[in-house]
Amino acid sequence: MKTLDRSLGLFSVIGISVGAMLGSGIFVLPGLAAAKTGHSVWIAYVIAGLCALPAAFSKSELATAMPTSGGTYIYIDRTFGPYAGTIAGMGLWISLLLKSAFALVGFGAYLSVFADIPLKLIAIVALAAIVTLNIMGVKKVGKIQIFVIIIALGSLSVLVLMGAPMVNWPVFQSNDQFTDGFTGLFATAAFVFVSYAGVTKAAAVAEEVYKPEKNLPLGILFSLIMVTIVYALVVLVMAGTIPMGTFIKSDKPVYDLAFHIGGRVLGLAGALLGVITMTSMANAGILASSRFPFAMSRDALVPPQLSHVHSKYGTPIVSVVATGVMMAAAIVLLPVEKLAKLASAFVIMLFVVENFTVIVLRESSVQWYKPAYKSPLYPIMQVLGILSGLGLLVVMGLDALIGLVSIIIPGIFLYIFYGRKRTKRKGEFTKMSARTDLAQAQYGDDHEPSSAEIKPSSVLVSLFGNERSPETIVEMGIALSKNGRVVVQDITEIQDSHMETAALKTDPRQRALARRFAAMAEDKKVDIDFRALASHDSAKTVHVASDEFQADCLLLAWGGRATLGRLFRNPYAWLASHVRCNLGFFKDAGVRYIRKILVFAEPGPHDVLVVATADHLAKLFRAKITFVRFVESDVSEPIFQSQTNYVNELRHLCQSETTVRMIRGKNLYSAITKETVHHDLLVLGAPPDSGIKRLLLTNKEDAITEQAACSVLRLRTPKTKIHAEFKKVEGAEKQASLRDWLIPECVETHIKVKKKEELFSHIAKSFAAHLPGVTAQQVDKALWERENTQNTSVGRGLALPHATIEESGGTKLAVFTTKDPIDYHTATGEKLDVFIVTVGPSSERHKHLELLAGVAQIVLETDLIAELRTCEQSPQAVQIIESNLKATEK
């Protein structure tokens with residue numbers, strides 16, 4: 001694939017950006033804007049420039065991370081996927097195309113000063129010259145842009161200096177300064193905002209910029225500041241010099257300003273300046289707009305011919321010509337001025353999306369996102385940009401909505417009928433959402449590792465390049481391994497699949513890791529299978545590998561939480577909740593010798609795995625285990641004793657030496673953090689999967705992990721293996737019969753509920769009616785607390801909800817079926833209709849595990865679930881449960 005020539009320097013970037021802004025914004029709009037707000041029109045330009053500033057910062061950052069042709073299209077496509085990318089690319093192409101055509105048509109008012117000339121003919125001739133210039137090379141375009149901008153800025157500066165002494169300053173202090181109050185002022189700011197739309201257009205040619213990491217942000221930001229100052233000063237002088245009655249009707253305000261200052265001769269010079277500058281704007285527009293179909297073609301979203309690069313000039317000739325042809329058609333056939341104004345709303349919306357894009361990419365922890373320049377005041381700057389952009393759209397009213405829809409529709413049709421069949425990429429935002437493609441995965445042979453070369457592995461360690469010490473996390477993987485075999489995959493994340501081979505060939509880090517892990521395997525006499533991979537969907541790569549290697553445990557480095565981590569989940573957050581094996585996140589604090597292990601376990605799906613893992617590591621490292629339990633200082637003595645009993649239940653699962661540390665206090669985080677000072681490794685469970693608290697507040701697991709003074713191992717067990725570690729515990733008691741815990745009155749069939757909330761409410765009322773001292777509110781709350789930790793569905797249309805209630809008087813069991821399957825909020829969307837529910841105190845965790853093991857046995861070895869589904873009478877259901885229990889006892 002032929003690349004474009006990097007020949008644009010800093011001054012060329014400034015020339016393109018300024019050229020894309022200096023046009024209708026100052027040569028056409030000031031008079032129309034003044035009609036909306038009066039003499040305060042210059043303030044509206046300043047406000048609009050400030051609203052554009054966040055997008056300039058954001059786009060500067062994005063451009064240095066992705067310095068390729070296509071600009072905004074590339075950023076949105078890589079972040080939100082090809083569907084959004086197609087809409088953005090097509091919309092940007094149409095918007096810039098119309099605005100450039102409008103610039104060529106718009107200089108008609110200035111041409112009319114000289115003579116009565118056929119406007120469209122002149123516009124077509126100028127367009128042909130511009131297209132030819134763009135084909136011959138961007139360096140030539142850049143040089144001409146610099147020349148034109150110097151003339152334009154110099155001329156406007158002269159007009160400001162000459163006009164300043166003639167300004168009627170008192171009018172800016174009169175009541176007429178704000179003709180429609182602040183509402184009119186901000187409405188005018190929205191109206192002139194389009195004047196700054198060209199500030200970031202240089203990013204569209206980023207692939208042709210020399211040293212883009214330096215020249216793009218400097219050029220974009222300098223251009224915006226300079227043009228904002230020029231706009232404000234020129235419009236200020238216009239408003240104070242030209243009589244307001246003339247000004248608000250002017251379609252050639254620069255000519256009128258020059259005429260009022262210096263008469264006919266200076267007026268003609270101003271008109272000539274308008275013609276030259278508007279042509280320059282069209283030149284910058286066609287340069288930027290032609291890169292969108294070029295970039296989309298390389299991504300197979302439009303025909304491949306559009307990505308053809310001229311062998312001599314190094315320019316996308318087909319894309320440039322196609323853009324020129326469409327502009328000519330627009331000039332001849334369409335009401336360009338009206339359509340260009342409608343397109344302005346789409347440009348404002350893209351500014352909003354660009355600010356949001358920076359937030360998504362930063363919060364998703366994407367490995368390949370490494371901008372050389374980072375926006376200051378993150379994320380405040382981006383949030384302000386989003387809010388100000390949305391505010392401008394609201395002020396623009398119905399026209400903005402019409403403009404957005406009209407520009408979006410072509411992109412939708414293009415993707416549906418062309419692009420969708422030719423691309424399978426996913427955007428980073430899509431990877432942060434529910435991955436139904438992985439939850440229901442049927443993998444092909446296009447993902448590493450291939451099934452032909454796999455061997456079952458006890459532990460899979462995935463590295464992403466952000467580890468403090470790759471050797472330390474692999475050593476932990478070896479310690480967790482039960483069969484002495486560890487697979488280590490080092491993943492280089494890439495934007496595009498076609499970059500895979502190049503990424504692997506040019507990454508010296510992976511070659512160094514291969515050598516170091518080979519030495520480690522020889523020294524420790526273990527089997528370390530190291531694999532270097534390049535992937536554009538690393539979460540899927542890890543998910544596939546954990547399945548194909550049949551790993552018991554997947555181990556990743558814990559990277560901390562991002563700034564807005566509560567609102568945005570990175571791709572590995574979904575992986576953490578849905579991988580089919582045990583999952584460990586390891587925070588490396590640099591501890592090399594583990595002699596004291598601190599265990600912080602809580603009732604729930606992960607506590608047995610936490611205890612079993614700590615016990616295994618203690619035996620391996622000859623370490624001592626301390627169980628820590630925190631209770632509020634004002635908690636009642638029965639509750640304190642119940643918590644103590646729970647910890648003692650967990651101690652019985654260990655063979656290593658253990659002690660218990662019960663802490664009363666007011667601050668959980670500080671209490672646990674103080675204990676980590678005296679230990680080498682903290683082992684704890686994973687945080688909840690969902691819930692309002694997780695969204696709005698930092699969960700205790702994250703806070704403890706961040707503040708811990710020792711290394712931390714966080715563990716999660718998948719819902720299908722919740723009781724698996726209990727079965728492995730040496731000396732685990734033979735499970736008692738389920739009939740000892742079953743409440744026959746709480747066996748109900750075909751209950752009529754449609755939602756999960758209704759189901760839990762029904763279950764809560766049923767238990768409350770048969771458990772003295774327990775309220776329905778208690779049961780309902782406890783069910784949701786457990787559900788927010790991990791969805792309790794286990795497949796086959798079955799779920800195992802649980803409620804931890806200290807006042808329950810012991811562990812109890814109930815069975816419910818629904819008349820119709822209900823949405824249980826599962827990852828796969830599976831609907832459920834059978835629910836085996838347990839209630840019990842935390843102090844009977846051992847009994848609860850026995851009960852789960854018994855449920856697993858009867859479900860797997862009998863037809864209980866199928867028989868319950870067909871049963872319509874509750875007494876008959878009790879008999880079905882009893883008969884199946886007898887079958888498992890034979």
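As a reminder, the structure under discussion sits directly above these lines.
As the structure is a prediction and not an experimental result, all values here were calculated from the model. Residue numbers run consecutively from 1 along every chain, following the written order of its sequence. Where local features are concerned, this predicted model is filtered to residues with pLDDT of at least 70; where side-chain atom pairs are given and counted, the filter is 80 or more; whole-chain, interface and lining totals use all residues. Excluding hydrogens and water, the side-chain figures rest on all heavy atoms present in the structure.

Q: Quick question: what am I supposed to make of the overall build of the chain here?
A: We count a stretch as a helix when DSSP gives it H or I for four or more residues in a row; a strand needs E for two or more, and each element gets its number in order from the N terminus. On a plain count of helices and strands, the chain comes out with 36 helices and 16 strands. For the chain, with 890 residues in total, the buried portion stands at 59%. For the chain, contacts bridging at least 24 residues in sequence account for 83% of all contacts bridging at least 6. Taken as a whole, the chain presents about 36000 Å² of accessible surface, with 59% of it coming from carbon and sulfur. Remark: exposure states derive from per-residue accessible area (1.4 Å probe, protein chains only) relative to the maximum for the residue type, with buried under 20%, exposed over 50%, and partly exposed in between. Contact definition: two residues touch when any of their heavy atoms are within 4.5 Å. Each accessible area value is a Shrake-Rupley result obtained with a 1.4 Å probe; residue values ignore everything except the protein chains displayed when judging cover.

Q: Please explain the packing of helix α5 (residues 72-80) against helix α14 (residues 291-298) as it appears in this structure.
A: A pair of packed helices is characterised by two quantities: the angle between their axes and the separation of those axes. Comment: axis = line fitted to C-alpha atoms, over the contacting stretch for helices; angle = value between 0 and 180 degrees taken between N-to-C directions. Relative orientation of the contacting elements α5 and α14 amounts to 35°, with a least axis distance of 9 Å. Between α5 and α14, the contacting residues are Thr72, Tyr73 and Ile74 on the first element and Phe292, Ala295 and Met296 on the second. In terms of residue class, the contact of α5 with α14 is made up of 5 nonpolar, 1 polar and no charged. Under the grouping applied here, Gly and all other residues not named as nonpolar or charged are polar, the nonpolar ones being Ala, Val, Leu, Ile, Met, Phe, Trp, Tyr, Cys and Pro and the charged ones Asp, Glu, Lys and Arg.

Q: Whenever I open this one, the environment of valine 160 confuses me. Can you help?
A: In this fold, valine 160 is placed in helix α9 (residues 138-163). The class of valine 160 is buried, set by a relative accessible area of 16%. Setting aside residues no more than four positions away along its own chain, valine 160 makes contact with Leu233, Val234 and Val237.

Q: It is not clear to me how the nonpolar core should be interpreted in this structure. Could you clarify?
A: Most often, soluble globular proteins have nonpolar side chains that are buried together. The term nonpolar core refers to a set of buried residues drawn from Ala, Val, Leu, Ile, Met, Phe, Trp, Tyr and Cys, joined through side-chain atoms within 4.5 Å. In this structure, Leu104, Tyr196 and Tyr369 are the most contacted members of the largest nonpolar core, which totals 139 residues. In this structure, tyrosine 196 is in contact with Met21, Tyr45, Ala48, Gly49, Ala52, Leu224, Val227, Thr228, Tyr231 and Phe351, ignoring residues within four places of it in sequence. If you look at the next biggest cluster of nonpolar residues, it comprises 49 residues, including Val461, Val608, Leu609 and Val683.

Q: Got a minute to help me understand the side chain of serine 843 in this structure?
A: Within the secondary structure, serine 843 sits in the loop between β16 (831-840) and α34 (845-861). Overall, the relative accessible area of 17% leaves serine 843 in the buried class.

Q: How should the side chain of aspartate 490 be read in this particular structure?
A: In this fold, aspartate 490 is placed in strand β2 (residues 485-493). Those residues within four positions of aspartate 490 in sequence are excluded, and the remaining contacts are Leu463, Arg509, Gln510, Leu513, Phe530, Arg531, Ala532 and Leu533.

Q: Looking at this structure, how should I read the pattern of salt bridges?
A: When their charged atoms lie close together, side chains carrying opposite charge are able to pair. Salt bridge, as applied in this entry: a Lys or Arg side-chain nitrogen positioned within 4 Å of an Asp or Glu carboxyl oxygen. Taken as a whole and assessed by the stated rule, the structure comprises 26 salt bridges. A salt bridge links glutamate 475 to arginine 592, with the nearest nitrogen and oxygen atoms 3.3 Å apart. Of this pair, glutamate 475 sits in helix α21 (residues 470-480) while arginine 592 sits in the loop between β5 (582-587) and β6 (596-600), and the two are 117 residues apart along the sequence. Through salt bridges with shared partners, a single network forms among Asp77, Arg78, Asp299 and Arg425.

Q: What is the right way to read the environment of lysine 525 from this model?
A: Relative to the assigned elements, lysine 525 resides in the loop between α23 (508-524) and β3 (527-535). According to the relative accessible area criterion, lysine 525 is exposed, its value standing at 72%.

Q: Help me out: how do you make sense of empty space enclosed by the protein in this one?
A: Gaps left between atoms are located by rolling a probe of water-molecule size over the structure's atoms. Buried and open spaces are told apart on a 1 Å grid over the protein atoms alone, a cavity being a set of points where a 1.4 Å probe fits but cannot get out and a pocket being an open set with protein on both sides within 12 Å along at least five of seven lines. Residues with an atom within 4 Å of a point are the lining residues. Grid points are joined across faces, edges and corners, and a volume is the space filled by probe spheres set on the points. Following the criterion strictly, the structure yields 4 cavities of 30 Å³ or more and no others. Put simply, the largest cavity is a space of about 110 Å³. What lines the largest cavity is a set of 12 residues, among which Ala20, Leu96, Lys99, Gly198 and Met281 lie closest to the centre. Broken down by secondary-structure element, the contributors of at least two residues to the lining of the largest cavity are α6 (82-106) and α13 (253-289). When the residues that make up the lining of the largest cavity are grouped by side-chain class, the tally is 7 nonpolar, 3 polar and 2 charged. The space that makes up the second largest cavity amounts to roughly 90 Å³.

Q: What's the story with the pairing of β6 in this structure? I'm lost.
A: For β6, a buried count of 4 out of 5 residues is recorded, marking the element as mostly surrounded by other parts of the structure. Here β6 runs beside strand β7 (residues 624-632); their pairing, made up of 4 bridges, is parallel. Note that in β7 the partner of leucine 598 across the bridge is threonine 626. When the strands point away from the viewer and the path from the first strand over the helix to the second turns clockwise, the crossover is right-handed. You can see the chain leave β6, run along helix α26 (residues 607-621) and come back into β7, and the turn it takes is right-handed. A pair of strands is considered paired only if DSSP assigns at least 2 bridges between the two.

Q: I tried to follow the sheet that holds strand β8 (residues 658-665) on my own but got confused; where do I start?
A: Two pairing modes exist for strands in a sheet, parallel and antiparallel, and in both the strands are linked by backbone hydrogen bonds. In spatial order, the strands read β3-β2-β1-β4-β5-β10-β9-β6-β7-β8; together these 10 strands make up an open sheet with mixed pairing. Each having just a single partner strand, β3 and β8 make up the two edges of the open sheet. On average, each strand axis in the sheet is tilted by 25° relative to the strand beside it, whichever way the strands run. Each of β1 (459-463), β2 and β3 touches α23; the most contacted strand, β3, lies at about 170° to it.

Q: I tried to follow a nonpolar patch on the surface on my own but got confused; where do I start?
A: Note on patches: the residues involved have over 30% relative accessible area and no salt bridge, like charges join within 9 Å, and the nonpolar side chains Val, Leu, Ile, Met, Phe, Trp and Tyr join within 5 Å. Taken together, the side chains of Leu398, Leu401, Ile402, Val405, Ile409, Phe413 and Phe417 make up a nonpolar region of the molecular surface, amounting to roughly 690 Å² of accessible area. If you trace the backbone, phenylalanine 417 turns up in helix α18 (residues 398-417). For phenylalanine 417, a relative accessible area of 56% translates into the label exposed.

Q: I tried to follow helix α4 (residues 41-65) on my own but got confused; where do I start?
A: Structural remark: α-helix, 3.6 residues per turn; residues separated by three or four positions point the same way. The first and last C-alpha atoms of α4 sit 37 Å apart over 25 residues, in line with the 36 Å expected at 1.5 Å per residue. Burial analysis of α4 places 20 of its 25 residues in the buried class, which makes it a mostly covered element. For a helix, the expected span equals 1.5 Å multiplied by the number of residues minus one.

Q: What exactly am I supposed to notice about α23 here?
A: Between its terminal C-alpha atoms α23 stretches 25 Å, which fits the 24 Å expected from 17 residues at 1.5 Å a residue. Taken as a whole, α23 has its buried residues at Gln510, Leu513, Phe517, Met520 and Ala521. Down the axis of α23, the smallest arc covering the buried residues is 95°, so these residues share one side. Away from its buried face, by an angle of more than 90 degrees, α23 presents the exposed residues Pro508, Arg511, Arg515, Glu522 and Asp523. Lysine 525 sits one or two positions beyond α23 and adopts a positive phi of about 55°. The arc refers to the directions leading from the helix axis to the C-beta atoms.

Q: Looking at this structure, I do not really get unusual backbone geometry. What am I missing?
A: Residues other than glycine predominantly adopt negative phi, and peptide bonds predominantly adopt the trans conformation. Note that the residue after tyrosine 378, namely proline 379, is joined by a cis bond; omega there is -5°. Counting through the fold element by element, proline 379 comes out in the loop between α16 (336-363) and α17 (380-396). Its identity is not glycine, yet arginine 622 carries a phi of approximately 55°, on the positive side. Mapped onto the fold, arginine 622 is located in the loop between α26 and β7. A residue is classified by how much of its surface remains accessible, and arginine 622, at 69% relative accessible area, is exposed. Backbone geometry at histidine 750 places phi at a positive 50°, although glycine is not the residue there. Residue placement: histidine 750 occurs in strand β11 (residues 742-751). A relative accessible area of 21% means that histidine 750 is categorised as partly exposed.

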